[in-house]
Structure formats: C-alpha cells, structure tokens
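# Structural characterization, general
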Amino acid sequence: MAEENQELAQETAGPVSSWLGENGFGHEFLGRDRSSVELIKVEPQVLLPISSALYAYGFNYLQCQGAYDEGPGQALVSFYHLLKVDDDVVDPEEVRLKVYLPRDNPKVPSVYWIWKAADFQERESYDMYGIVYEGHPNLKRLLMPEDWVGWPLRKDYISPDFYELQDAY
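Here is a short report on the structure shown in this document. Per chain, the residues get numbers from 1 upward, laid out in the order the sequence is written. Residues qualify for local features only when their pLDDT is at least 70, as the model is predicted, and side-chain atom pairs are given and counted only at 80 or more; totals for whole chains, interfaces and linings, by contrast, use all residues. Excluding hydrogens and water, the side-chain values take into account all heavy atoms of the structure.

Moving on, we come to the packing of aromatic side chains. In summary, the pairing rule links any two rings of Phe, Tyr or Trp, Trp by its six-membered ring, whose centres are within 6.5 Å, and it sorts them by plane angle into stacked for under 30 degrees, edge-to-face for over 60 and tilted for everything else. This structure, assessed with the given rule, holds 7 aromatic pairs. Their ring planes at 40 degrees and their centres at 6.3 Å tell us that Tyr68 and Phe79 sit as a pair that is tilted. Of this pair, Tyr68 sits in strand E3 (residues 61–69) while Phe79 sits in strand E4 (residues 76–83), and the two are 11 residues apart along the sequence. We classify Phe79 as buried; its relative accessible area is 18%. The helix count covers DSSP runs of H or I at least four residues long, the strand count covers runs of E at least two residues long, and both are numbered beginning at the N terminus. Per-residue accessibility, obtained with a 1.4 Å probe over protein chains only, is compared with the maximum for each type, and a residue is labelled buried under 20%, exposed over 50%, and partly exposed between these values.

Structure (structure tokens):
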C-alpha cells in the first residue's frame, strides 16, 4: 500500500511543476524525493528563465547547489534546492531543479545573478566535476590547486601518480 501511494505521488505533478506548466515553462516532472520535495528536470538553455520565474514566484533562497556524476559515460547533473523563506515561515515550500549535462561538454548558465549564494557552490561543482557555469563572475578552482589536471569527483577520474597499496612495499 505504501509503495502504491509513493508511485502515485511520483506520477502526480506537484504545485510548482503545475505552475511552471500553466505559465508555459517547459520542464519534466521527475516525481518527489523521500521528503516529498518536487524534482524538476530542466534543459540548460531554460535554466535562467525558469530560475527567474521561480524567484519571482517566491523561491528567494538557494539552499544548496551541487553536482553529481551518474556514472562513466553518463550525464553530469547540476542540481538546485530552492526554498520560499520569510520571517514567519515554519515549513518553507521547497523544490529541486536538476539539469542533466553531457560529460564531454558540460555547460550551464550560472544562477549567481539570481541567487548570490551560488557563488562558491558553483565554483565547487566546477572544481570537482568540470561543469562550466557560464556567466559566473569568478569561475576558478576552489578546493584543488589551480594547476590540477582533471575533475576528482567524476566516476571515471584516475588520480595522477596513483599507486595501489600493494605497490608501495
């Protein structure tokens, strides 16, 4: 019974997805996560218009921007967890945007100009996954040395000068 309810919740578009559709914003509803937060897939070229619309709709706080790798040969994903925050809000409305990018040329517009909190978060995603956030004012490595080669959190990354433990003896 719980599985049926979960599947039904995944099939029914939530209020944010419905609002985006009613206002002509192309996207794909991906369901809900374990916390019932709507997951919405957007294409890179419409990330800024959708983000601007969501900001105007009240999503004034970028709680988290990050990235992950679906696996060797698969897409890199840049995600954005947005909240509606106000002085008296106890249970803020939430939504999560996901942008799937090809690993051979992962480029997406920066949302820095909408949410300043994206500054260091986009830099970290760039540094670890190689996702280029176009329009970011200072897109450079944040954690790794400037001369580091490659993107350490990609699943197909091979560390330079990597030695197996048994080779050390």
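Here we come to the sheet that holds strand E5 (residues 94–101). Taking strand neighbours across the sheet as the criterion, the 5 strands line up as E1-E2-E5-E4-E3 in an open arrangement whose pairing is mixed. Edge positions in the sheet fall to strand E1 (28–32) and E3, since each has one partner strand and no second. For this sheet, the mean inter-axis angle between neighbouring strands, taken without regard to orientation, is 20 degrees. Where E3 and E4 come together, 8 bridges link them in antiparallel fashion. Within E4, the position partnered with Tyr61 by the bridge is Leu83. Residues count as neighbours in contact if any of their non-hydrogen atoms are within 4.5 Å of one another. Every axis in this analysis is a line fitted to C-alpha atoms, fitted for helices over the stretch in contact. Angles between the N-to-C directions lie between 0 and 180 degrees. Packed onto the sheet, helix H3 (residues 47–56) meets E4 and E5 and runs at close to 175 degrees relative to E5. Of the strands in this sheet, E3 and E4 touch helix H4 (residues 118–129), which is tilted by about 0 degrees from E3. Being paired, for any two strands, means DSSP has found at least two bridges between them.

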